[in-house]
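Residues per chain are reported as follows:
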Amino acid sequence: MTPSLRVVKSSQLNLGAAHKMELVEATTALLTLLNASNVPLAKCMDGTPGGYYHAANASSRSWIIELEGGGECVDKADCEKHIHSALGSSNFFLKNTTLKFLLQDDAVANPRLRQMNRVYVPYCSQDLWTGQRVAASDETFGYFFSGHYVLEGVLDALDALGLAGAHDIILTGESAGGIGVWPHLDWLAARYPKAKVTGAPLAGYYFFAVPYTGPGHTSSSLADFREDAWPGHYSLWNSTVDASCAAAIEPWRCMLSNYSFPYIETRVFIIEAQTDKVQLEAHDWVPSSQDPFWSAPVLDYFGEWSHNMSVALSPSMAVGHPNGVFSPACFIHTDGWETTLIKGINYLTAFDRWYFDDETMKLQDDCGLLCNPTCPH
């Protein structure tokens, strides 16, 4: 079939030039590697210790912790691709890094979050931050999957720096890090019962893949996310999931937020595109070669996928629900969020007003498919 032109964007949103933002100059934060003697289970895939980057504010009792993203691996060949990089070994961690997303240091774009203690946790376990494998074996291809223990080890280290007395804690993350936020929210709230705990996953709302099988379809370039594959992933990584969810349904179903959401009590601000680029291309077999001139069959698939995402987010969009939502009609994953606007504001401003001012923030485009004129492409 001859590819059609990309859907024409409408201008149904209330956009304002005053909200145009410049690129962010982020704080540089230094690396601290975990002490293997104190937290021996907190390992990267190759057995090296995990670590964290910390931009401290000793006068603040507020903390925001970000989990890095970077895919996942479920077979030996894919895992071997990461073992000689920072996604599999702390030997390749940079000595310092710039802070982005909700941790960025921009007085105009991010005026209040930047005053918190900000922690960035690099991702080196390839298990969606859920792994609890304490030994490398033939079953794990000779690697460790210890993402949960890395996070736990980081928290142990930060407790001595003031986290133990935190007044409020935000757990955020992008992509695989966003997926990893969900199973840890109520666990984190239980660990710090005196703190107000909040989740803010970016591009981390997933459901089981039902791939596009029309003309030109591809295959999964990341792990197979179809329903039948998840028991194997859960077993390989020995994953931790939300305890209430695991008590109610098959635990492996709790790996993704679409199925764990009903059981999670911690409030969440969900930042998720209506057509998520990585989910669609890497897990759902949509041919990236067509972008942006999508064929009619792909656009039909996009329409169904976007509808399913709207249904998934509908409980959080309901009047009176404590959650916040920022869901633009864009084809993006983790790039392009600062300039993407709904009703004239971006996700940073929306979160800031929802979190600090208790404003209701349920921002979801209703202009149609791929229609937000501020999308990056």
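Quantities reported herein were computed from a predicted structural model and do not represent experimental measurements.

Peer 1: Would you explain the confidence of the model for the chain in this entry?
Peer 2: Detailed reading of predicted coordinates is not advised where the pLDDT is low. Here the chain shows a mean pLDDT of 92. Residues at 70 or above account for 93%. The low-confidence segment residues 1-26 (pLDDT under 50) makes 58 contacts with residues lying over four places distant or belonging to another chain.

Peer 1: Explain the state of the cysteines here, please?
Peer 2: Two cysteines form a disulfide when their sulfur atoms are joined by a covalent bond. One pass over the structure, following the stated rule, counts five disulfides. Across a sulfur-sulfur distance of 2.0 Å, Cys-245 and Cys-254 are joined as a disulfide pair. One quick way to see it: the torsion about the S-S bond of Cys-245 and Cys-254 is about -90°, and its sign makes the bridge left-handed. Considered together, Cys-245 and Cys-254 belong to a single accessibility category, that of buried residues. Two residues, Cys-330 and Cys-375, share a disulfide whose sulfurs are 2.0 Å apart. Linking Cys-330 and Cys-375, the disulfide has an S-S dihedral of approximately -90° and is accordingly described as left-handed. Here Cys-330 is found in the loop between β10 (324-327) and β11 (331-332), whereas its partner Cys-375 is found in the segment after β12 (362-364), with 45 residues between them in sequence. On the basis of relative accessibility, which here comes to 0%, the residue Cys-330 falls in the buried class. Cys-375 sits in the buried class, given a relative accessible area of 8%.

Peer 1: Help me understand helix α9 (residues 296-317) in this model?
Peer 2: One turn of the α-helix equals 3.6 residues, which is why residues spaced by three or four share an orientation. Taking 1.5 Å of rise per residue, the 22 residues of α9 would be expected to cover 32 Å, and the 30 Å separating its terminal C-alpha atoms lies within 8% of that figure. Residue Val-311 marks the point of greatest curvature in α9, where the axis turns by about 30°; the proline Pro-315 follows within four residues.

Peer 1: Help me understand the packing of aromatic side chains in this model?
Peer 2: Centre-to-centre distance and the angle between the planes together describe a pair of aromatic rings. Under the definition given, this model contains 20 aromatic pairs. Both rings, one in Phe-269 and one in Phe-351, keep their centres 5.4 Å apart while their planes meet at 85°; by these two values the pair is edge-to-face. Taken as a pair, Phe-269 in strand β8 (residues 269-271) and Phe-351 in helix α10 (residues 347-357) lie far apart in primary sequence, 82 residues in all. Pair check on accessibility: Phe-269 and Phe-351 agree, each one buried. Here Trp-337 and Tyr-347 contribute two aromatic rings whose centre-to-centre distance is 6.1 Å and whose plane-to-plane angle is 70°, an arrangement assigned as edge-to-face. Within this pair, whereas Trp-337 is found in the loop between β11 and α10, its partner Tyr-347 is found in helix α10, the two being separated by ten residues in sequence. Its relative accessible area of 0% is what places Trp-337 among the buried residues.

Peer 1: Just checking my understanding: could you explain the pairing of strand β6 (residues 168-174) for this structure?
Peer 2: In regular strands, side chains alternate between the two faces of the sheet. In terms of burial, β6 is a largely internal element, seven of the seven residues being buried. Along β6, one buried face is formed by Asp-168, Ile-170, Thr-172 and Glu-174 and the opposite face, lined by Ile-169, Leu-171 and Gly-173, is buried too. Bridge count between strand β3 (residues 62-67) and β6: six bridges; the pairing is parallel. Following the sheet pairing, Leu-67 is matched in β6 by Gly-173. Bridging between β6 and strand β7 (residues 196-202) involves seven bridges; their strand directions are parallel. Among the inter-strand pairings, Ile-169 is bridged to a residue of β7, identified as Val-197.

Procedures and definitions
- Residues numbered from 1 in each chain as written.
- Predicted model: local features only at pLDDT ≥ 70, side-chain atom pairs only at ≥ 80, totals over all residues.
- Heavy atoms only, no water.
- pLDDT = per-residue confidence, 0-100.
- Contact = heavy atoms within 4.5 Å.
- Disulfide = S-S within 2.5 Å.
- Buried < 20%, exposed > 50% of the residue type's maximum accessible area, 1.4 Å probe, protein only.
- Helix = DSSP H or I, 4+ residues; strand = E, 2+ residues; numbered from the N terminus.
- Expected span 1.5 Å × (residues − 1).
- Bend = angle between axes of the 7 residues up to and from the residue.
- Phe/Tyr/Trp six-rings, centres within 6.5 Å; stacked < 30°, edge-to-face > 60°.
- Pairing = 2+ DSSP bridges.

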